[in-house]
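Take a look at the letters that make up each chain.
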Amino acid sequence: MINKNWQEPLQEEIKKPYIESLTNFLITEYATKTIYPKQTDIFNALNETPYEDVKVVILGQDPYHGPHQAHGLSFSVLPGTKIPPSLVNIFKEMQRDLDIDMPSTGCLIPWAKQGVLLLNTVLTVEAGKAHSHKNQGWETFTDSIIRKVNQKEDPVVFILWGKPAQQKKQMIDQGKHLVIEGPHPSPLSAYRGFFDSKPFSRTNDYLTSKGLTPINWNLPQTQMSLM
């Protein structure tokens, strides 16, 4: 269920015919296969970060497709879950960028609570099959979210990691908002320019320059290895 705070901005979108097709597809998928995240978590990104609070959008591709990982926020995993390689790389870059210790948890809800919309381009996935729910309507739905955030009066930082995320760039008014692009933080691509891109400090410098409160990126920390 979508939080009522987002229902108004998205009210016209959720009435469109493709939403019914997407819903029917998901009903069948959840009834016959293992799908992540669980149904009650699909819209957690929207529910954790109200529309009026959005200051930053971190856009990923689709949810983690392993057990006990995805819970509706891009790149985030539930407390107690082993931190996936992509998120390890995000934390490594955060450590270099901000000179802070590695977090002990991969749960990014504290970021969401500060106005960081942790959105994927596709919001569901079949277990063990990355991007298996692409081209079913999710991309159109998340396009509408990006367009609505683009319409906000206050400037927003859009962090686009990976090609599916970067395809949303055309919907963003770069004269009004800041776009930070980079390779996906996956070990397969992070070496191509994700590291040393300094997205966290760049985000906070921009927010501060616009008179907005910067994000506290700190999460619970430990000296234990994340690998």
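Keep in mind the model is a prediction, meaning the values are calculated, not measured.

The rules we used
- Residues numbered from 1 in each chain as written.
- Predicted model: local features only at pLDDT ≥ 70, side-chain atom pairs only at ≥ 80, totals over all residues.
- Heavy atoms only, no water.
- Phe/Tyr/Trp six-rings, centres within 6.5 Å; stacked < 30°, edge-to-face > 60°.
- Helix = DSSP H or I, 4+ residues; strand = E, 2+ residues; numbered from the N terminus.
- Buried < 20%, exposed > 50% of the residue type's maximum accessible area, 1.4 Å probe, protein only.
- Salt bridge = Lys/Arg side-chain N within 4 Å of Asp/Glu carboxyl O.
- Core = buried A, V, L, I, M, F, W, Y, C linked by side-chain atoms within 4.5 Å.
- Pairing = 2+ DSSP bridges.
- Axes fitted to C-alpha atoms, helices over the stretch in contact; angles between N-to-C directions.
- Contact = heavy atoms within 4.5 Å.

**Quick notes on the packing of aromatic side chains**
- Taken as a whole, this structure holds ten aromatic pairs when the rule is applied.
- Taking 5.2 Å as the distance between ring centres and 75 degrees as the angle between the ring planes, the aromatic pair formed by Trp6 and Tyr51 counts as edge-to-face. Remark: Tyr51 occurs in the loop between helix H3 (44-48) and strand S2 (56-60) and Trp6 occurs in helix H1 (residues 4-7); sequence separation between them is 45 residues.
- Relative accessible area serves as the criterion here: at 0%, Trp6 is assigned to the buried category.
- Measuring from ring centre to ring centre gives 5.6 Å for Phe194 and Phe195, while their planes differ by 65 degrees; the resulting arrangement is edge-to-face.
- A residue is classified by how much of its surface remains accessible, and Phe195, at 24% relative accessible area, is partly exposed.
- Chaining the aromatic ring pairs together yields one cluster made of Phe75, Trp161, Phe194 and Phe195.

**Quick look at the pattern of salt bridges**
- For the coordinates displayed, the defined rule picks out eight salt bridges.
- Linking Glu126 and Lys33 is a salt bridge whose minimum nitrogen-to-oxygen distance equals 3.8 Å. Residue Glu126 is found in strand S4 (residues 125-126), and its partner Lys33 is found in the loop between helix H2 (17-32) and strand S1 (35-36); the two are separated by 93 residues along the sequence.
- Taking relative accessible area as the criterion, Lys33 reaches 37% and is therefore assigned partly exposed.
- Notably, a salt bridge pairs Lys129 with Glu126, separated by 3.5 Å at the nearest N-O pair.
- Counted as one network, the salt bridges with shared partners bring together Glu29, Lys33, Glu126 and Lys129.

**Brief notes about the nonpolar core**
- Among the nonpolar cores identified, the biggest contains 69 residues, and Trp6, Ile58, Phe91, Trp111, Leu117 and Phe141 are the most heavily contacted of them.
- A per-element tally of this core places H2 first, with six residues.

**Considering the sheet that holds strand S3 (residues 116-120)**
- The sheet built from four strands is open, its strands ordered S3-S2-S5-S6 with parallel pairing. Each edge of the open sheet is held by one strand with a lone partner, namely S3 and strand S6 (178-182). The sheet shows a mean angle of 15 degrees between the axes of neighbouring strands, direction not considered.
- Lying over the sheet, helix H6 (residues 138-150) contacts S2, S3 and strand S5 (157-161), oriented at roughly 155 degrees with respect to S3.

**Here's the deal with the pairing of S3**
- Counting buried residues along S3, five of its five residues qualify, which places the element largely inside the surrounding structure.
- On S3, burial covers both faces: Val116, Leu118 and Asn120 on one face and Leu117 and Leu119 on the other are all buried.
- Where S2 and S3 come together, five bridges link them in parallel fashion. Residue pairing for S3: Val56 is matched across the bridge by Val116.

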